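Working through the structure, step by step
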Amino acid sequence: TYEIALGAHKVFQGRGEGEFHFFLSGGQQLGESSHWVSGTGFRIPTNSSDRSQMCYWSNHFDYEFRPGWYAVYEVNWFHWMKDGAGDLGTTGFEGGDLMNLDSTGVAGNHIVTMALGLRYKPAANVELGFAYEAPVTIRRDLLEDRIYLDAILRF
């Protein structure tokens, strides 16, 4: 995918010439009641001096403990491969998977997070989910913790 450099600079957007996101994902059913979905990728700016470069590996496990109800466990690893130019004045921390802050002093840093949650599938074409995620490494950058809520409708 390609992220176009749009938005206002005062909200940390619209810098540089954009960013490519190369990724690979897949999943597997484990037994009759469990699934594993994994994804890995790289976020590479078109101009390597504009933004920092990051790679990641995300894993999702779920287990159906009652018909239509799933316990969810996730582990995510984020690693910064190259510093940005620091045009925003940020040093030593980044925006994780939310935004690229163009920071200096981040190359070699990594953050590991874990999430726990529930999914409910009331019908074949409807899913509702909730999860709580927090870093398990000392390093946090902008991510203290977060809550996910989602709804999937298939038609």
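To start, this report covers the structure provided alongside it. Predicted, not measured: the structure shown is a model, and the values here were computed from it. (Residues numbered from 1 in each chain as written. Predicted model: local features only at pLDDT ≥ 70, side-chain atom pairs only at ≥ 80, totals over all residues. Heavy atoms only, no water.)

What follows covers the pattern of salt bridges. In this structure the tally under the stated criterion is 9 salt bridges. One salt bridge connects Arg51 with Glu3, and the closest N-O pair in it is separated by 3.4 Å. Placement of the pair is Arg51 in the loop between strand S3 (34-45) and strand S4 (53-66) and Glu3 in strand S1 (residues 2-3), with a sequence separation of 48 residues. Of the residues examined, Arg51 reaches a relative accessible area of 3% and is grouped as buried. A relative accessible area of 33% means that Glu3 is categorised as partly exposed. A salt bridge links Arg139 to Asp141; its shortest N-O distance comes to 3.1 Å. (Salt bridge = Lys/Arg side-chain N within 4 Å of Asp/Glu carboxyl O. Helix = DSSP H or I, 4+ residues; strand = E, 2+ residues; numbered from the N terminus. Buried < 20%, exposed > 50% of the residue type's maximum accessible area, 1.4 Å probe, protein only.)

The next point concerns the sheet that holds strand S7 (residues 126-135). Here we have 8 strands laid out as an open sheet, ordered S1-S2-S3-S4-S5-S6-S7-S8, and antiparallel in their pairing. Only two strands of the sheet have a single neighbouring strand rather than two, namely S1 and strand S8 (146-153). Pairing of S1 with strand S2 (residues 19-30) involves 2 bridges; the strand directions are antiparallel. Bridge assignment links Tyr2 to a residue of S2, and that residue is Phe20. (Pairing = 2+ DSSP bridges.)

On to the packing of aromatic side chains, then. By the definition in use, this model includes 5 aromatic pairs. Judged by centre distance (6.4 Å) and plane angle (25 degrees), the rings of Phe61 and Tyr73 are stacked. Linking Phe61 in strand S4 with Tyr73 in strand S5 (residues 69-82), this pair joins segments that are 12 residues apart in sequence. Judged by relative accessible area, Phe61 falls into the partly exposed class, the value being 31%. A network of ring pairs unites the aromatic residues Tyr2, Phe20 and Phe22 as a single cluster. (Phe/Tyr/Trp six-rings, centres within 6.5 Å; stacked < 30°, edge-to-face > 60°.)

As a further point, take the nonpolar core. Counting 6 residues, the largest nonpolar core is built from Met54, Tyr56, Phe78, Trp80, Val106 and Ile111. Within the residue set of this core, elements represented by two or more residues are S4 and S5. Residues in contact with Ile111, not counting those within four places in the same chain, are Asn76, Trp77, Phe78, Trp80, Pro135, Thr137, Arg139, Arg140 and Asp141. (Core = buried A, V, L, I, M, F, W, Y, C linked by side-chain atoms within 4.5 Å. Contact = heavy atoms within 4.5 Å.)

The residue Ile44 is located in strand S3 in this model. The partly exposed category is assigned to Ile44, whose relative accessible area is 23%. Between the C-alpha atom of Ile44 and that of Lys82, which follows or precedes it by 38 residues, the distance is 9.5 Å. Each residue touching Ile44, except ones within four places of it in the same chain, is listed here: Glu19, Phe20, Phe22, Gln53 and Met81.

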